Amino acid sequence: MKKYNVAVVGATGMVGRKFLEVLTEKQLPVENYYLFASAKSAGKTIDFMGKPHQIIELAEKNLEGKNIDIALFSAGGDVSKEFAPIFAKHGILVIDNSSAWRRDENVPLVVPECNADDIKWHNNIIANPNCSTIQAMVVLKPLHEAFKIKRVIY
């Protein structure tokens, strides 16, 4: 089984730490984790997967030699707008949790339980809706398929 190299961008933030918690629970086939955050957090360590991981400053030069396959972004829209294209240019698949790419027609907005096929046309950036929208879509999709919903006031 292939093992992946995964980056978490915004690893020291609240959502980034939740990413780390879920990754610990899931025990995915990962070779290396790279935890990125701002210059302010760079050099600090966080305990993750039972060992200390040093925080890497989010900068293009720090992608060198890491062979990252997937980057989970949760560092805010401005950071995503600046750095997601840089990661994508390096051949890294970015899954962005901010609002930065949600309305970009060239970036698929994916809720896996609803439109997973849309990941087939990404350009190394995939957006996901906000948390309340994701939850609603999982329920609304089968209702729409059965009854053709025209409008939702939420």
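Rules used in this analysis
Here the residue index of a chain counts from 1 through its sequence in written order. Local features in a predicted model are, by the rule used here, given only for residues with pLDDT of at least 70; side-chain atom pairs are given and counted only at 80 or more, and totals for whole chains, interfaces and linings are based on all residues. Side-chain metrics in this entry use all non-hydrogen atoms of the structure; hydrogen atoms and water are not considered. We count a salt bridge whenever a side-chain nitrogen from Lys or Arg sits within 4 Å of a carboxyl oxygen from Asp or Glu. Helix numbers and strand numbers start at the N terminus; a helix is a DSSP run of H or I with at least 4 residues, a strand a run of E with at least 2. Under the convention used throughout, the expected extent of a helix is 1.5 Å for every residue step, that is, one less than its residue count. Note on classification: 1.4 Å probe, protein chains only; a residue is buried when its accessible area is under 20% of the maximum for its type, exposed when over 50%, partly exposed between these limits. Directions pointing from the helix axis toward each C-beta atom define the arc. Residue contacts are counted whenever heavy atoms from the two residues lie within 4.5 Å of one another. To count toward a patch, a residue needs a relative accessible area over 30% and no salt bridge; like charges are then connected within 9 Å, while nonpolar side chains (Val, Leu, Ile, Met, Phe, Trp, Tyr) are connected within 5 Å. Here, Shrake-Rupley sampling with a 1.4 Å probe gives the accessible areas, and only protein chains in the shown set may cover a residue. Take the buried Ala, Val, Leu, Ile, Met, Phe, Trp, Tyr and Cys residues and link them wherever side-chain atoms come within 4.5 Å; each set so joined is a nonpolar core. A pair of strands is treated as paired once DSSP finds two or more bridges between them. Consider the strands pointing away from the viewer: the crossover is right-handed when the path from the first strand over the helix to the second runs clockwise.

Chemist: Give a detailed account of the pattern of salt bridges, specifying residues and quantitative values.
Modeler: All chains considered together, the criterion is met by five salt bridges. The partner of E60 in a salt bridge is K89, and the shortest N-O contact between them spans 2.8 Å. Here E60, found in the loop between β5 (56-57) and β6 (70-73), pairs with K89, found in helix α2 (residues 77-89); they are 29 residues apart in sequence, far enough to count as distant. Here E145 ties to K141 by a salt bridge, and the two come within 2.2 Å at their closest N and O atoms.

Chemist: Would you mind going over helix α1 (residues 14-26) in detail, with residue names and values included?
Modeler: Since the α-helix turns once every 3.6 residues, residues separated by three or four places project in the same direction. With 13 residues, α1 extends 19 Å from end C-alpha to end C-alpha; this agrees with the ideal 18 Å at 1.5 Å per step. Regarding α1, the residues found buried are G16, L20 and L23. Down the axis of α1, the smallest arc covering the buried residues is 65°, so these residues share one side. The outward face of α1, more than 90 degrees from its buried face, is lined by the exposed residues M14, E25 and K26. Those residues of α1 hidden inside the fold are in contact with β1 (4-9), β2 (30-37), β3 (45-48) and β6. Positive phi appears at Q27, one or two residues downstream of α1, with a value of about 50°.

Chemist: Residue-level account of a nonpolar patch on the surface, with values.
Modeler: Taken together, the side chains of V138, V139, L143 and F147 present a nonpolar region at the surface, about 380 Å² in accessible area. Summarising the element assignment, F147 is placed in helix α4 (residues 131-147). When its relative accessible area of 63% is taken as the criterion, F147 is described as exposed.

Chemist: Please provide a residue-by-residue account of the nonpolar core, values included.
Modeler: Membership of the largest hydrophobic core comes to 22 residues, with the highest contact counts inside it found for F36, F73 and F87. Contributions of two or more residues to this core are made by β1, β2, β6, α2 and β8 (125-127). In terms of residue count, α2 provides more of this core than any other element does, five residues in total. Membership of the second largest hydrophobic core comes to 13 residues, among which are A37, F48, I55 and L72.

Chemist: Could you give an account of the environment of T12, with specific residues and numbers?
Modeler: By the secondary structure assignment, T12 is in the loop between β1 and α1. Residues T12 and A42, 30 residues apart in the sequence, show an inter-C-alpha distance of 9.8 Å. In this structure, T12 is in contact with R17, A37, S41, I46 and I55, ignoring residues within four places of it in sequence.

Chemist: Tell me about the pairing of strand β7 (residues 93-96), and please be specific about residues and values.
Modeler: As paired elements, β6 and β7 share four bridges and run parallel to each other. The residue bridging A71 from the neighbouring strand is V94, located in β7. With α2 bridging β6 and the parallel β7, this β-α-β connection has right-handed handedness. With three bridges joining them, β7 and β8 adopt parallel strand pairing. Of the residues in β8, the one forming a bridge with I95 is I126.

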